[in-house]
Amino acid sequence: MEETVMNVPTQSNGDHKEAIGEEEAKAAAKIWDYVFGFTDMALIKCAIDLGIPDLLEKNGGSMSLYELSSSLSCPTPHLYRIMRYLAHKNIFNQKKTSQNTLFYSQTPLSRLLLSNGKNSMVPLMLLETSPTMLAPWLALSKRVLHESGSAFDAVHGEDVWSFAAEHLEHSKIINDAMACDARIVIPRVIEECPDLFKGVRSVVDVGGGDGTTLSVLVKGCPWIKGINFDLPHVIDANLVPCQGVEHVSGDMFKLVPKADVAIMKWVLHDWGDEECIEILKKCKEAIPKDKGKVIILEAVLEEETNDKLESARMMLDMVMMAHTSNGKERTLKEWNYVITEAGFSRINVTRIHAVQYVIEVYP
């Protein structure tokens, strides 16, 4: 059989491309990224479900296609197509030996998909790929057309917090995802803002979920006493005890436990301005007037920036639109508004190597 020849357009037969214009040609290719934009998320979810990142880690970081398919008890042709795509997206490395044996190995991206990795993003991936959280995206236009309610409400008949209170398995998925983020962000906060907790004896984490934020913080700053504060269904969910951290249930719109510092990570972006001001006022009541402060770990939108994480912040703003009624990511001007309206007099903002900024506010 003669070798198959693939004809590739050259500059000499590029008259058609020139006719429609360079921008149109780019658009014609780029549109496919959006038509099949779900594919990346779905394939990474598939790799997590199959346990491929963990399997490579367990076997020294590299395995042949045959070894992978044997370990997973799955058809080799199916797995090859999955791995070919993921290698194309640089999730794994793919190499062929002189004997035409395909090998796959780890990359920095695949290490972020280890179930027990230090900087694992798996719980966040599992939250955002859950059917509960995916469905509202298909109703996003309803959110845009109406002043109240959310796409989540439109699909599930209630807001995300009421849903979580009634479906404890989903509540755990949310808290696991927030814990995953805490394990990444809090060490960076401690490292990049070394004076942030200097002289602080107690910290209340408002909306602290399963307590991971404080457990990491107390480990890095052992002189601090932590109060993990969240709704009753969260606190009552058999949380793991942590030395130096007390779990307290309640409603942040009514009362926040007293401490030197109140900290909130990815809490205020779930709410509109009026709710944010109310929460901040309760935090202000909980801290000492002379030396207390509130630490807000949230994104600050800066549209004209070269920060590589700005795209993630913009996407997170769309997540808020899909999943909450009035939540949003805020610009510095918008943060200044809610903080000032809550009665705080001074603001200090620090950019760290994370999606969130460190926003310190003082009475």
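Residues numbered from 1 in each chain as written. Predicted model: local features only at pLDDT ≥ 70, side-chain atom pairs only at ≥ 80, totals over all residues. Heavy atoms only, no water.

(A) Spatial organisation of the packing of helix α13 (residues 168-192) against helix α14 (residues 212-220). Between α13 and α14, the least distance of the axes is 8 Å, while the angle of their chain directions is 30°. In terms of orientation, α13 and α14 fall into the roughly parallel class. The interaxial crossing formed by α13 with α14 has right-handed handedness. In this structure, α13 contributes A179, A182, R183, I186, P187 and I190 to the contact, and α14 contributes T212, T213, V216, L217 and G220. Grouping the constituent residues of the contact of α13 with α14 by class yields 7 nonpolar, 3 polar and 1 charged. (Axes fitted to C-alpha atoms, helices over the stretch in contact; angles between N-to-C directions. Helix = DSSP H or I, 4+ residues; strand = E, 2+ residues; numbered from the N terminus. Parallel < 35°, antiparallel > 145°, perpendicular 65-115°, else oblique. Left-handed = near helix turned anticlockwise from the far one by under 90°. Contact = heavy atoms within 4.5 Å. Nonpolar A, V, L, I, M, F, W, Y, C, P; charged D, E, K, R; others polar.)

(B) The arrangement of the sheet that holds strand β6 (residues 245-249) in detail. Strand order in the open sheet formed by 7 strands is β6-β5-β4-β7-β8-β12-β11, and the pairing between neighbours is mixed. Here the strands that pair on one side only, and so sit at the sheet edges, are β6 and β11 (346-351). Ignoring which end each strand starts from, the neighbouring axes of this sheet average 20° apart. In this structure, strand β4 (residues 202-206) lies alongside strand β5 (residues 225-230), joined through 5 bridges in parallel fashion. Pairing of V203 across the sheet is with G226, part of β5. (Pairing = 2+ DSSP bridges.)

(C) Expanded view of the nonpolar core. Counting 31 residues, the largest nonpolar core has V206, M252, M264, L280, V294, I296 and I339 as its most contacted members. Sorting the residues of this core by element identifies β4, β5, β7 (261-265), α16 (273-286), β8 (293-298), α18 (332-341) and β12 (357-362) as the ones contributing at least two each. Here the element with the most residues in this core is α16; it accounts for 6 residues. If we ignore the near neighbours within four places in the chain, the residues touching L280 are M264, L268, V294, I296, V338, I339, A342 and F344. By size, the runner-up hydrophobic cluster in this structure holds 22 residues, among which are A182, I224, L297 and A354. (Core = buried A, V, L, I, M, F, W, Y, C linked by side-chain atoms within 4.5 Å. Buried < 20%, exposed > 50% of the residue type's maximum accessible area, 1.4 Å probe, protein only.)

(D) Expanded view of the pairing of β11. Pairing of β11 with β12 involves 6 bridges; the strand directions are antiparallel. What sits directly across from V349, in β12, is I359.

(E) Representation of a nonpolar patch on the surface within the structure. Residues I31, W32, Y34, V35, F36 and F38 make up a contiguous nonpolar surface patch of roughly 700 Å² in combined accessible area. The element best represented in the nonpolar patch is helix α2 (residues 22-35), accounting for 4 residues. By the element assignment, F36 lies in the loop between α2 and α3 (38-50). With a relative accessible area of 45%, F36 lands in the partly exposed category. (Patch = residues over 30% accessible without salt bridge, like charges linked within 9 Å, V, L, I, M, F, W, Y side chains within 5 Å. Areas by Shrake-Rupley, 256 points an atom, 1.4 Å probe, with all protein chains shown as cover. Salt bridge = Lys/Arg side-chain N within 4 Å of Asp/Glu carboxyl O.)

(F) Main features of the packing of aromatic side chains. In this structure the tally under the stated criterion is 4 aromatic pairs. Residues F152 and F163 carry aromatic rings whose centres are separated by 5.7 Å and whose planes lie at 85° to one another, so their mutual orientation is edge-to-face. A residue pair is termed long-range when its members are at least 10 positions apart, and F152 in helix α11 (residues 151-156) and F163 in helix α12 (residues 160-166) qualify at 11 residues. With a relative accessible area of 9%, F163 lands in the buried category. Relative to W271, the ring of W161 lies with its centre 6.4 Å away and its plane at 20°, an arrangement referred to as stacked. Separated by 110 residues along the polypeptide, W161 in helix α12 and W271 in the loop between β7 and α16 bring together distant segments of the chain. On the basis of relative accessibility, which here comes to 29%, the residue W161 falls in the partly exposed class. Taking the relative accessible area as the measure of exposure, W271 reaches 19% and is therefore buried. Grouping aromatic residues by their ring pairs yields a cluster made of W161, F253 and W271. Over the aromatic face of W335 sits the side chain of R330, whose NZ or CZ is 5.3 Å from the ring centroid. (Phe/Tyr/Trp six-rings, centres within 6.5 Å; stacked < 30°, edge-to-face > 60°. Lys NZ or Arg CZ within 6 Å of the ring centre and 35° of its normal.)

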